[in-house]
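Residue-level listing of the chains:
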Amino acid sequence: MQQLRAIARDAEPLELDATCLERVKASQAAVDRILASGKPAYGINTGFGRLSQTRIPNDALEELQRNIVLSHAAGTGSLLDDATVRLALALKIESLARGHSGVRPILIERLLELYNQRLYPRIPAKGSVGASGDLAPLAHLSLALLGIGEVRHPQPIQLAPKEGLALLNGTQVSTALALVGLFAAEDVFAAAVAGGALSVDAAAGSDTPFDARIHDLRGQPGQRDVASHYKTLLEASEIRRSHLENDPRVQDPYSLRCQPQVMGACLQQMRYAARVFETEAAAVTDNPLIVDGEILSGGNFHAEPIALAADALAVAIAEIGALSERRTALLIDHTLSGLPPFLVEHGGVNSGFMLAQVTAAALASENKSLAHPASVDSLPTSANQEDHVSMSTFAARRLGDMAANSASIVAIELLAASQGVDFRAPLRTSPRLQEVHALVRSKVAFYDHDRYFAPDITAIQQLVDAGAFHRFVPGLLPSH
């Protein structure tokens, strides 16, 4: 998982393991034997989908493979970002190099050259239903190998039998989108834990809810792990020590007190999704497959595992943002937090964090709609030959928008919590949370009077997106 994150974020160079070449060549030789036998084999000497009963003569096999790429490059919408395209290339290389797809080594080498030379094909984001694989986006990826489109390999190739189908079948784009969404969700999660802990001190809340004994009694591993980090972050806080005795409050609101339960459950969903995505990243998902010299038709291209895991991750992302927004709402309410109304002095002439919380609420509400499961939908395609599809591509693609929404929500909370801690002076928060506070203040100054607010949010969101808060939750998240 760490290597996949490095591919997405840092464009880590790749090379082909020489030991895979014999498997690739053996798989290609099996295709040649099938062709020589004269027997029909799906996608090798037949048409595709409902046209699979149409036999293709040998002198038209190269045209068949080229045509499937051209006809299936029917995507629309904005272009996928470079990180997603990098991952899609890397995952397609991994799948073909396993030696079950019947392609030539040169095809894999050309894909590797696109990756390492950063010649990223331009892939429209929309047009895949996640079965038979990500056909349209992978067709756009493959155009570059043919020397077609705005991004072209300097040495175009003609596709051999089976190669066009091997390129187009597969779940690599859905998986790449899901991984990009997961990595963004991890960045948001780390910042939300840091911000949530800071909010506890800003609101003069209790650290008792993070006592390990509470979480051991429940036994949920994510909850236990998250609670430990909250406890560490809040340790040795002067603010907490100041109200250990004679505090009339018995319990804090749920958005403070139940953070381990909610965030721990979200962490469990993220860990589940990460396992599914990592497995799929190493999978062979085209069709038909070459196994022990035989050609086997199946359905590994059906991306239901990605769709279901992406739906689970979407709910977690929405919950991270929803809980963070509630803490911001708590902090601006002086009856709950004991802080100045809307976290600003001279309220009335100054509105302070009033509209920042409105923005957080708007984004949290938007995420509720986006969290609706995509996998429960299915529209038949290919004249009902492909009569159940996964919708994995959208399930994964919407994760990026959702993570961006939650990143903004958490950025607003970090600003609000830092403001609240400043109002607690001369009492100081814990040593670890002083580092969180200092990180925020390195980008945004104390809000002493109304000013143009949007740049403040953007500055902290950039810290969230850059993964600047991962150091406060070491070892907690799947790719770290």
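Values in this document were obtained by computation on a predicted structure and should not be read as measured data.

What counts, and at which threshold
Residues numbered from 1 in each chain as written. Predicted model: local features only at pLDDT ≥ 70, side-chain atom pairs only at ≥ 80, totals over all residues. Heavy atoms only, no water. Helix = DSSP H or I, 4+ residues; strand = E, 2+ residues; numbered from the N terminus. Buried < 20%, exposed > 50% of the residue type's maximum accessible area, 1.4 Å probe, protein only. Contact = heavy atoms within 4.5 Å. Core = buried A, V, L, I, M, F, W, Y, C linked by side-chain atoms within 4.5 Å. Expected span 1.5 Å × (residues − 1). Disulfide = S-S within 2.5 Å. 1 Å grid on protein atoms, 1.4 Å probe; cavity = no way out; pocket = protein on both sides within 12 Å on 5 of 7 lines; lining within 4 Å. Points joined across faces, edges and corners; volume = space filled by probe spheres on them. Nonpolar A, V, L, I, M, F, W, Y, C, P; charged D, E, K, R; others polar. Axes fitted to C-alpha atoms, helices over the stretch in contact; angles between N-to-C directions. Parallel < 35°, antiparallel > 145°, perpendicular 65-115°, else oblique. Left-handed = near helix turned anticlockwise from the far one by under 90°. Patch = residues over 30% accessible without salt bridge, like charges linked within 9 Å, V, L, I, M, F, W, Y side chains within 5 Å. Areas by Shrake-Rupley, 256 points an atom, 1.4 Å probe, with all protein chains shown as cover. Salt bridge = Lys/Arg side-chain N within 4 Å of Asp/Glu carboxyl O. Phe/Tyr/Trp six-rings, centres within 6.5 Å; stacked < 30°, edge-to-face > 60°. Lys NZ or Arg CZ within 6 Å of the ring centre and 35° of its normal.

Undergrad: Tell me about the overall build of the protein chain, and name the residues and values.
TA: Scanning the protein chain for helices and strands turns up 19 helices and 4 strands. Along the first, second and third principal axes, the C-alpha atoms of the protein chain reach 90 × 45 × 40 Å. Within the protein chain, the proportion of its 480 residues that are buried is 56%. Relative to all contacts within the protein chain whose residues are 6 or more apart in sequence, the contacts with residues 24 or more apart total 81%.

Undergrad: Describe the nonpolar core, with residues and values.
TA: A general feature of soluble globular proteins is that nonpolar side chains tend to end up buried together. Of all hydrophobic cores here, the largest spans 153 residues; its most connected members are Phe189, Phe277 and Phe469. In terms of residue count, the dominant contributor to this core is helix α8 (residues 172-202) (19 residues).

Undergrad: Give me the lowdown on helix α17 (residues 392-423), citing residues and values where you can.
TA: In this model α17 runs 47 Å from its N-terminal to its C-terminal C-alpha over 32 residues, within 8% of the 46 Å that 1.5 Å per residue would give. Within α17, 26 of the 32 residues are buried, which leaves the element mostly enclosed by the surrounding structure.

Undergrad: Go over the state of the cysteines, please, and point to the residues and values.
TA: One pass over the structure, following the stated rule, counts 0 disulfides. Left unpaired, Cys266 is separated from the closest cysteine sulfur, that of Cys258, by 13 Å. A relative accessible area of 4% means that Cys266 is categorised as buried.

Undergrad: Account for unusual backbone geometry, naming residues and giving values.
TA: Between Ala131 and Ser132 the backbone carries a cis peptide bond, its omega angle lying at 0°. Tracing the backbone shows Ser132 in the loop between β2 (124-126) and α6 (135-143). Residues Ala425 and Pro426 are joined by a peptide bond in cis, for which omega reads 15°. Along the chain, Pro426 turns up in the loop between α17 and α18 (431-441). Backbone geometry places Ala236, a non-glycine residue, at a positive phi of 70°. Inspection of the secondary structure puts Ala236 in the loop between α10 (221-234) and α11 (238-242). Residue classification places Ala236 among the partly exposed positions, given a relative accessible area of 45%. Within the chain, Met391 stands out as a residue other than glycine whose phi angle is a positive 60°. Inspection of the secondary structure assignment puts Met391 in the loop between α16 (354-370) and α17. Here Met391 falls in the buried class, since its relative accessible area comes to 12%.

Undergrad: Account for empty space enclosed by the protein, with residues named and values stated.
TA: A complete count under the given rule lists 1 cavity of 30 Å³ or more for this structure. If you add up the space inside the largest cavity, you get close to 30 Å³. What lines the largest cavity is simply Phe353, Leu415, Gln419, Arg441, Val444, Ala445, Tyr447, Arg451, Phe453 and Asp456. Each residue belonging to the lining of the largest cavity can be placed in one class, and the counts come to 6 nonpolar, 1 polar and 3 charged.

Undergrad: Describe the layout of surface pockets, naming the residues involved and giving the relevant values.
TA: By volume, the largest pocket is sized at about 620 Å³. Contributing to the lining of the largest pocket are 34 residues, with Gly49, Ser132, Leu135, Ser382 and Glu386 lying nearest its centre. Mapped onto the lining of the largest pocket, the elements with two or more residues apiece are α3 (61-72) and α6. It is α3 that contributes the most residues to the lining of the largest pocket, 3 residues altogether.

Undergrad: Give a detailed account of the packing of α10 against helix α13 (residues 259-281), specifying residues and quantitative values.
TA: Between α10 and α13, the least distance of the axes is 7 Å, while the angle of their chain directions is 125°. When the axes of α10 and α13 are compared, the pair comes out oblique. Of the two elements, α10 crosses α13, and the hand of that crossing is right-handed. Of α13, the residues touching α10 (which contributes Pro221, Gly222, Gln223, Asp225, Val226, Ala227 and Tyr230) are Gln259, Pro260, Gln261, Met263, Gly264, Leu267, Gln268 and Arg271.

Undergrad: Residues and numbers for a nonpolar patch on the surface, please.
TA: Residues Met354, Leu355 and Val358 make up a contiguous nonpolar surface patch of roughly 250 Å² in combined accessible area. Mapping Val358 onto the fold places it in helix α16.

Undergrad: Now, about the packing of aromatic side chains: what can you tell me, with residues and values included?
TA: Here the distance between the centres and the angle between the planes together describe a pair of aromatic rings. Considering all chains together, one arrives at 6 aromatic pairs under this definition. Ring geometry for Phe210 and Tyr230: centres 5.1 Å apart, planes at 20°, overall stacked. Of the two residues, Phe210 is situated in the loop between α8 and α9 (212-218) and Tyr230 in helix α10; the sequence distance between them amounts to 20 residues. Relative accessible area serves as the criterion here: at 0%, Tyr230 is assigned to the buried category. Every member of this aromatic cluster is reached through a ring pair, and the members are Phe353, Tyr447 and Phe453. For the cation-ring pair, Arg398 lies above Phe394, with the distance from its terminal atom to the ring centre recorded as 6.0 Å.

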